[in-house]
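Spelled out from the first residue to the last, the chains are:
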Amino acid sequence: MSRRPYVRPMSRTTWYMRNGRFKVYMLRELTSLLVGFYAFLVLFGLVALSAGSEAQWNDFLASQQGPEMIALHGFALLYFLFYQTFAWFNLAPKAMPVQLGEKKLPAHFIVIAHYVAWAVVSAFIFWLAGAI
Amino acid sequence: MTIARKALVWGLFAAGGTLTSFVFPSLIALFLLIASGNTPVGLEYGQIHAFAASWMGKASLFGVIFLALWHAAHRLRVAAHDLGLRVDGLVASVLYLVAALGSALAVYYLVLI
Amino acid sequence: MKHIQADIVIVGAGGAGLRAAIAIAEIDPEIEIALISKVYPMRSHTCAAEGGAAGVKLSDDSLEMHFNDTVSGGDWLCDQDVVEYFVEQAPRELVQLEHWGCPWSREDDGSVAVRPFGGMKKKRTWFAADKSGFHILHTLFQTSLQFPSIKRYDEFFALDLLHEDGRARGVVAMEMRSGCFFHFSAASVIMATGGAGKIFPFTTNGAIKTGDGMAMAYRAGVPMKDMEFVQYHPTGLPGTGILLTEGCRGEGGVLVNKDGYRYLQDYDMGPETPLGEPVFKSMELGPRDRLSQAFWHEQKKGNTVPTAWGDCVLMDMRHLGAQRILERLPMVHELAVSYVGVDMITDPVPVRPVVHYMMGGIASNIEGETPMPGLFAIGETACGSLNGANRLGSNSLTELLVFGKRAAAGAAAFAAENDYPREAPALLAQAEAIVARVRGLLQKSEGNESVAGIRGEMMNSLEEGAGIYRDEEGTEIACKKIAELQARSAAIKVNDKSNVFNTDLQGLLELQNMLDAAECVAEASNARKESRGAHQRMDYVERDDENYLKHSMAYRQPGERPRIDWLDVTITRSQPGVRDYSGDKK
Amino acid sequence: MGTRQIELEVMRYNPEKDEAPWFQQYSVPCEEDWAILDALIYVKDNLDSTLSYRWSCHMMVCGSCGMTVNGEPHLTCKTFIRDLPDKVRVEPLENFPIERDLVVVLDDVMQKLQLAKPYIIRKDDPPPEDEEYPQSRAALKKFKQYTMCINCMLCYSACPQYGLSNDFIGPAALSLAHRYNLDSRDQGKAQRLDILADHDGVWECSFVGACSEACPKNVDPAAAIQQMKVDGTMEWWKQKFGLTGDKP
Ligand SMILES: Cc1cc2nc3c(=O)[nH]c(=O)nc-3n(C[C@H](O)[C@H](O)[C@H](O)COP(=O)(O)OP(=O)(O)OC[C@H]3O[C@@H](n4cnc5c(N)ncnc54)[C@H](O)[C@@H]3O)c2cc1C
Ligand code: SF4
Ligand code: F3S
Ligand code: FES
């Protein structure tokens with residue numbers, strides 16, 4: 001046979017370095033580490049709470065203080081906002097398009113609706129936490 | 001059936017993604033407040049304990065932890081694959097197990113409160 | 001050489017070939033179909049058709065009117081029994097496509113919408129925005145995927161027809177990816193290889209439209225009918241030749257010259273119609289031959305607009321407004337922006353006539369039968385005499401469907417009735433000879449001519465000698481030139497010696513086919529000494545029903561000029577009359 | 001109109017001669033309004049007739065001319081010289097085996113289109129042969145976007161998940177299935193979901209989104225796939241609660 005199709009190898013471990021879009025994708029996927037981390041952090045809080053003593057809880061709070069914690073949470077907040085929250089909202093209209101009659105609701109409407117809902121949810125959480 | 005399992009896994013993943021996108025920024029912000037020594041009143045022992053003791057509180061805390069863990073586990077599984085770790089069965093078992101364990105612990109401690 | 005046995009071989013998987021394949025599969029799933037195409041089916045040029053497909057739909061319309069429009073549009077060179085059958089079957093075929101999922105544009109009440117088209121007295125062109133052919137082709141292709149009896153041979157280049165005792169018996173094809181030769185034998189063969197627009201320099205046709213099927217049949221002794229009738233579409237983009245569909249004018253676009261004057265009123269298509277209110281069969285909704293000829297005169301008068309790509313007139317659509325343009329004509333809007341940098345919402349677009357469609361082709365009849373038993377021809381490669389001397393826009397997509405289906409039935413019946421020996425040594429020898437010819441081309445190591453060079457000369461000589469207007473002297477020169485090029489093409493050397501996807505070799509094979517088609521066009525233009533429809537002679541300006549109400553039939557005579565015969569036109573109820581394109585106003 | 005000299009760097013591969021692909025340079029005098037395809041045609045006609053590539057319509061509708069231009073998948077008849085630097089690298093589409101020069105092997109994706117069952121599937125009888133299905137403009141709008149796919153396969157070339165595993169059914173085939181699922185005339189959704197919501201179907205997509213960015217026809221396959229995931233999930237719950245008689 002004269003045919004001999006050539007298969008270009010694709011690196012299984014570093015393919016995402018090929019272009020900016022793929023790098024952003026990997027950064028986006030890695031927010032899952034933060035999600036896991038904070039889920040466990042909340043769990044630790046629960047452990048402290050479940051002991052039933054104020055001291056334990058305060059110890060937990062104290063353990064969360066300090067400049068390195070500020071740096072960690074600060075970084076996490078920004079990273080999370082850009083690569084998880086905003087990314088998720090921006091992609092939402094693709095999964096859940098809204099069509100009213102003959103017109104598709106423009107994607108940015110759906111995105112904006114998400115931001116509004118997010119503001120409300122966040123305000124509620126802060127209110128619940130007594131922060132506002 | 002594969003269809004069924006994947007649909008369930010993905011459904012929870014998507015729910016977790018949506019939930020964390022909405023809730024986690026505030027959650028992280030609260031930790032930031034704590035870190036900078038400005039713990040809000042609602043997180044002082046009495047109030048937070050009361051919240052976690054209520055049914056509503058328990059349910060929402062569990063929901064957040066469970067969905068977040070599930071979301072993280074599933075996404076890490078995909079990321080592991082993307083990074084070239086091609087032992088999907090093992091990776092999935094470990095990650096989902098951790099998520100399940102975390103969720104079970106959450107239930108245990110919530111019941112204790 | 002590999003041998004493939006089928007009951008029916010279809011060459012070409014465009015609209016016509018696919019429609020036929022589906023029809024056969026529906027007639028009897030036991031019939032083995034080999035569907036050969038030099039490109040993947042959805043790349044076939046049917047995908048480029050924009051405007052739509054004609055079929056009577058509204059209650060104020062009638063089969064009679066569609067018949068009359070088609071026959072007068074074709075300047076009475078249509079076979080009227082064919083037209084009668086066509087107009088009757090058209091609506092059913094279009095509904096059939098609807099059932100198969102074609103995304104036709106819709107009216108408010110959920111019924112399929114129709115739009116006006118040039119030369120049509122009523123709105124009867126079914127459309128899917130401005131990608132009608134694309135949607136038809138993809139609907140057919142996707143629908144065909146459910147029939148296991150349709151066995152596809154994609155990217156197989158058919159080389160020549162096999163025939164024995166005057167009967168078609170199969171084809172030889174080359175698999176492009178391997179360079180392997182395949183001998184397909186079958187009881188009937190359907191040619192559906194599309195047109196040959198690429199023999200001209202400016203055309204709306206894609207690279208694949210090289211007249212292969214015509215040439216294959218011609219070489220096998222089948223006559224080419226009415227090859228002098230080449231349709232120029234009046235509104236192609238300069239440079240690339242990309243089409244701006246007639247739908248643009250159907251929606252209300254107008255043509256103006258350099259002074260902003262709607263010049264069509266000077267060519268028997270007036271009076272001027274109000275802007276944005278097109279009137280059926282007048283001004284911009286006149287037939288294509290008339291509009292293209294009007295351009296030629298404007299150019300002679302110096303009324304055209306000079307552009308970087310040559311002389312043009314302007315199509316003004318600004319009054320339609322952004323919304324209508326973007327909803328109904330999104331693709332042409334994008335094409336004009338991309339290829340000539342003009343936004344039709346804010347500016348008029350430069351356009352010029354470009355070669356668009358071959359009315360002529362393999363001689364065939366109402367059944368899709370050719371004079372060679374067992375050989376059927378459909379679609380643009382065929383001349384079933386629906387279109388006469390000038391095709392009306394949107395009739396040909398429907399033609400693919402109506403006669404694709406009809407020929408399928410004929411081919412299936414022929415295959416059933418005519419048992420044939422499966423082993424045929426004579427055919428094998430024929431096949432070997434065909435392969436040897438192609439191998440010879442590939443192996444030749446000397447030669448000072450090139451495919452591109454000869455192709456260029458062929459295109460230019462046709463444009464000059466057999467363009468919108470013709471005369472004795474010009475066609476004579478063109479005939480000689482084509483003959484000379486045929487001889488010179490023997491000196492082409494194929495540089496690429498590879499077996500795998502050798503497009504250099506393919507280019508040469510296509511060029512040979514194009515030269516055969518070009519020979520027919522030039523010779524038939526030379527022979528028809530009258531003016532009719534798309535064939536306009538400056539030395540014989542009148543239509544001559546006395547002598548030329550006949551189809552020209554070109555027969556190949558190896559080493560000599562082809563013999564041109566004449567065949568009577570079938571007339572059932574409409575005697576030749578005057579083509580009136582002044583709307584209903586006069 | 002001026003011409004501009006463009007250095008084309010074209011990937012060549014002749015399986016009968018070359019061990020591996022390599023690059024060949026051509027210097028092409030391009031007209032300002034040319035697309036890359038025109039430059040390739042110039043090469044074929046004037047410089048080197050042995051270069052192989054696919055093309056036909058030159059009007060962005062046949063889907064033949066997809067290639068990798070400066071690292072990104074493009075239709076070469078839609079990629080204009082005016083938007084490119086003086087040096088342009090042209091390679092075959094990524095993620096497909098190279099047959100020859102710029103021509104890739106498409107067998108895999110052609111098979112996948114078939115998996116999508118891209119035809120109207122009915123449980124009820126269709127209307128009589130001279131009657132249309134009524135379909136409102138709104139119902140048409142619902143799936144129209146997904147009918148625009150020209151099968152150029154740029155999306156497969158862009159999608160890393162397809163690159164990593166050819167088992168993935170992939171963006172165009174899935175969008176095609178979605179197109180029929182959304183068509184008001186079709187009743188075959190359950191059948192399609194059975195195949196496509198299975199192992200190598202929609203779930204293999206990790207929503208990289210590159211497919212939609214590459215798509216020259218704004219089909220947005222990424223959206224189709226996410227919607228199918230939602231559909232698949234809903235269908236699963238429906239089946240769980242016996243809300244659907246759809247199970248074949
Ligand atoms: C730009 C444009 C717009 C048009 N718009 C309209 C319109 O609005 N309305 C209308 O009615 N008509 C329109 N037409 C005309 C109409 O589209 C064509 O006449 C029709 O599509 C031809 O279809 P077909 O099936 O005969 O051939 P094609 O679709 O051209 O298919 C030919 C097939 O033959 C195969 N083939 C060719 N040679 C070989 C070979 N050697 N070996 C193997 N296979 C081969 C090809 O691979 C292909 O599959 C338009 C034409 C053009 C160019
Ligand atoms: S979805 Fe877009 S990119 Fe993919 S094949 Fe279709 S048109 Fe091409
Ligand atoms: S790029 Fe691939 S991973 Fe999904 S969103 Fe598109 S198919
Ligand atoms: S050549 Fe047809 S899409 Fe580019």
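Since the structure is predicted, the reported quantities are computational estimates derived from the model, not experimental observations. (Residues numbered from 1 in each chain as written. Chains lettered and ligands numbered in written order. Predicted model: local features only at pLDDT ≥ 70, side-chain atom pairs only at ≥ 80, totals over all residues. Heavy atoms only, no water.)

For chain A, the count of helices and strands is five helices and two strands. Going from the N terminus to the C terminus, chain A shows its helices and strands as α-α-α-α-β-β-α. Overall, chain A is about 80 × 45 × 25 Å in size when its C-alpha atoms are taken along their principal axes. Burial statistics for chain A: of 132 residues in total, 40% are counted as buried. (Helix = DSSP H or I, 4+ residues; strand = E, 2+ residues; numbered from the N terminus. Buried < 20%, exposed > 50% of the residue type's maximum accessible area, 1.4 Å probe, protein only.)

The next thing to look at is the overall build of chain B. Along its length, chain B carries four helices and zero strands. Listing each helix as α and each strand as β along chain B from the N terminus yields α-α-α-α. Its C-alpha atoms give chain B principal-axis dimensions of roughly 45 × 30 × 20 Å. Classification of the 113 residues of chain B by burial places 52% in the buried group. A separation threshold of at least 6 residues defines the contact pool for chain B, and within that pool the share at least 24 residues apart is 62%. (Contact = heavy atoms within 4.5 Å.)

Take empty space enclosed by the protein next. Residues and elements named next belong to chain C. One pass over the full model with this rule turns up 13 cavities of 30 Å³ or more. Taken together, 48 residues form the lining of the largest cavity, with His45, Thr46, Gly194, Lys209 and Glu380 sitting closest to its centre. Its residues assigned to classes, the lining of the largest cavity comprises 20 nonpolar, 20 polar and eight charged. The two domains that each donate at least three residues to the lining of the largest cavity are domain 1 (2-229 + 359-425) and domain 2 (234-353). (1 Å grid on protein atoms, 1.4 Å probe; cavity = no way out; pocket = protein on both sides within 12 Å on 5 of 7 lines; lining within 4 Å. Points joined across faces, edges and corners; volume = space filled by probe spheres on them. Nonpolar A, V, L, I, M, F, W, Y, C, P; charged D, E, K, R; others polar. Domains from an automatic or database assignment.)

Listed per partner, the contact involves 26 residues of chain A and 41 residues of chain D. Buried area between chain A and chain D, summed over both chains or domains, comes out near 2900 Å², and the portion from carbon and sulfur atoms is 51%. For chain A, the biggest contributors to the area lost against chain D are A:Arg4, A:Tyr6 and A:Arg8; these three give 25% of the whole. For the interface between chain A and chain D, the tally reads six salt bridges. Notably, a salt bridge pairs A:Arg21 with D:Glu72, separated by 3.2 Å at the nearest N-O pair. Taken together, chain A and chain D are joined by 18 residue pairs in polar contact (both at pLDDT 80 or more). Where the side of chain A that touches chain D is concerned, the elements lending two or more residues are helix H1 (20-29) and helix H4 (67-95) of chain A. In terms of residues, the side of chain A that touches chain D owes the most to one element, H1(A), which gives four residues. (Buried area = accessible area lost by both parts, 1.4 Å probe. Salt bridge = Lys/Arg side-chain N within 4 Å of Asp/Glu carboxyl O. Polar contact = N/O pair within 3.5 Å; in protein donor to acceptor, adjacent residues only side chain to side chain.)

Time to look at the site of ligand 3. Taken together, D:Cys159, D:Gln161, D:Phe168, D:Cys205, D:Ser206, D:Phe207, D:Val208, D:Gly209, D:Ala210, D:Cys211, D:Ala222 and D:Ile225 are the residues near ligand 3. For the shell around ligand 3, the residue count by class is nine nonpolar, three polar and no charged. (Near = heavy atom within 4 Å.)

Residue and element names in this part refer to chain C. In space, the three strands of this open sheet follow the order S4-S6-S5, with antiparallel pairing throughout. With partners counted over all chains shown, the strands left at the sheet margins are strand S4 (53-54) and strand S5 (114-115), one partner each. Of the strand pairs in this sheet, S5 and strand S6 (residues 125-126) are connected by two bridges, and their pairing is antiparallel. Residue pairing for S6: Arg115 is matched across the bridge by Thr125. (Pairing = 2+ DSSP bridges.)

This part is about the domain arrangement of chain A. For chain A, the domain assignment lists domain 1 (12-65) and domain 2 (84-132). Taking only C-alpha atoms, the centre of domain 1 of chain A and the centre of domain 2 of chain A are 23 Å apart.

This paragraph deals with the site of ligand 1. All names here are of chain C. Around ligand 1, the structure places 40 residues, and the nearest of them are Ser37, Ser44, Thr46, Glu380 and Leu397. Contacts to ligand 1 include Ala13, whose backbone N or O atom sits 2.9 Å from an oxygen atom. In this structure, a nitrogen atom belonging to ligand 1 sits 2.8 Å away from a main-chain N or O atom of Ala158. At four residues, helix H10 (residues 395-417) tops the list of elements feeding residues into the shell around ligand 1. Classifying every residue of the shell around ligand 1 gives 16 nonpolar, 18 polar and six charged.

For the rest of this paragraph, the subject is the interface of chain D and chain C. At the junction of the two partners, chain D supplies 66 residues and chain C supplies 65 residues. Taking both partners together, chain D and chain C bury about 5400 Å²; carbon and sulfur atoms supply 51% of that area. Ranking the residues of chain D by area buried against chain C places D:Met59, D:Glu132 and D:Arg137 at the top, with a combined share of 13%. The interface formed by chain D and chain C includes ten salt bridges.

Here the focus is the arrangement of the chains. Most contacts, compared over the five pairs of chains touching, are made between chains C and D. Between chain B and chain C there is no contact, and the shortest C-alpha to C-alpha distance separating them is 24 Å.

On the surface, B:Leu85, B:Val87, B:Leu90, B:Val94 and B:Val98 cluster together to form a nonpolar patch covering roughly 430 Å² of accessible area. As for its position among the elements, B:Leu90 is in helix H4 (residues 88-112). (Patch = residues over 30% accessible without salt bridge, like charges linked within 9 Å, V, L, I, M, F, W, Y side chains within 5 Å. Areas by Shrake-Rupley, 256 points an atom, 1.4 Å probe, with all protein chains shown as cover.)

The subject of this paragraph is the pattern of salt bridges. Counting across every chain of the model gives 79 salt bridges over all chains. Put simply, C:Glu334 and D:Lys78 hold a salt bridge, and the shortest N to O gap is 3.4 Å. Here D:Lys78 lies in the loop between strand S4 (72-75) and strand S5 (87-91) and C:Glu334 lies in helix H9 (residues 330-340), a pairing that spans two chains. Taking relative accessible area as the criterion, C:Glu334 reaches 27% and is therefore assigned partly exposed. A relative accessible area of 26% places D:Lys78 in the partly exposed class. Across the salt bridge formed by D:Asp45 and C:Arg455, the nearest N and O atoms sit 3.0 Å from each other. Placement of the pair is D:Asp45 in helix H1 (residues 36-47) and C:Arg455 in helix H12 (residues 451-465), with the two residues belonging to separate chains.

What follows is about the packing of H4(A) against helix H5 (residues 107-128) of chain A. Residues and elements named next belong to chain A. In the contact formed by H4 and H5, the axes pass within 7 Å of each other and the chain directions differ by 135°. Considered as vectors, H4 and H5 are oriented oblique to each other. Judged by the sense of rotation from one axis to the other, the crossing of H4 with H5 is right-handed. Taking contact as the criterion, the partners of Leu81, Thr85, Phe86, Phe89, Asn90, Ala92 and Pro93 in H4 are, on H5, Ala107, Ile110, Val111, His114, Tyr115 and Trp118. (Axes fitted to C-alpha atoms, helices over the stretch in contact; angles between N-to-C directions. Parallel < 35°, antiparallel > 145°, perpendicular 65-115°, else oblique. Left-handed = near helix turned anticlockwise from the far one by under 90°.)

Attention now goes to the packing of helix H3 (residues 80-99) of chain C against H10(C). Residues and elements named next belong to chain C. Here H3 crosses H10 at 95°, and the two axes come no closer than 8 Å. Comparing the axis directions of H3 and H10 gives the class roughly perpendicular. Taking contact as the criterion, the partners of Val82, Tyr85, Phe86, Gln89, Ala90, Glu93, Leu94 and Leu97 in H3 are, on H10, Asn395, Thr398, Glu399, Leu401, Val402, Phe403, Lys405 and Arg406. Class assignment of the residues belonging to the contact of H3 with H10 gives a composition of nine nonpolar, three polar and four charged.

Let us look at the nonpolar core. Core analysis: the biggest nonpolar cluster contains 252 residues, and C:Trp104 and D:Leu8 have the highest contact counts within it. With 14 residues, the top contributor of residues to this core is helix H1 (residues 2-35) of chain B. In this structure, C:Trp104 is in contact with C:Ala53, C:Leu94, C:Leu97, C:Glu98, C:Val112, C:Trp126, C:Phe127, C:Ala128, C:Ile136 and D:Leu140, ignoring residues within four places of it in sequence. Core analysis: the next-biggest nonpolar cluster, separate from the first, contains 86 residues, C:Trp296, C:Ala466, C:Ile482 and C:Ala522 among them. (Core = buried A, V, L, I, M, F, W, Y, C linked by side-chain atoms within 4.5 Å.)

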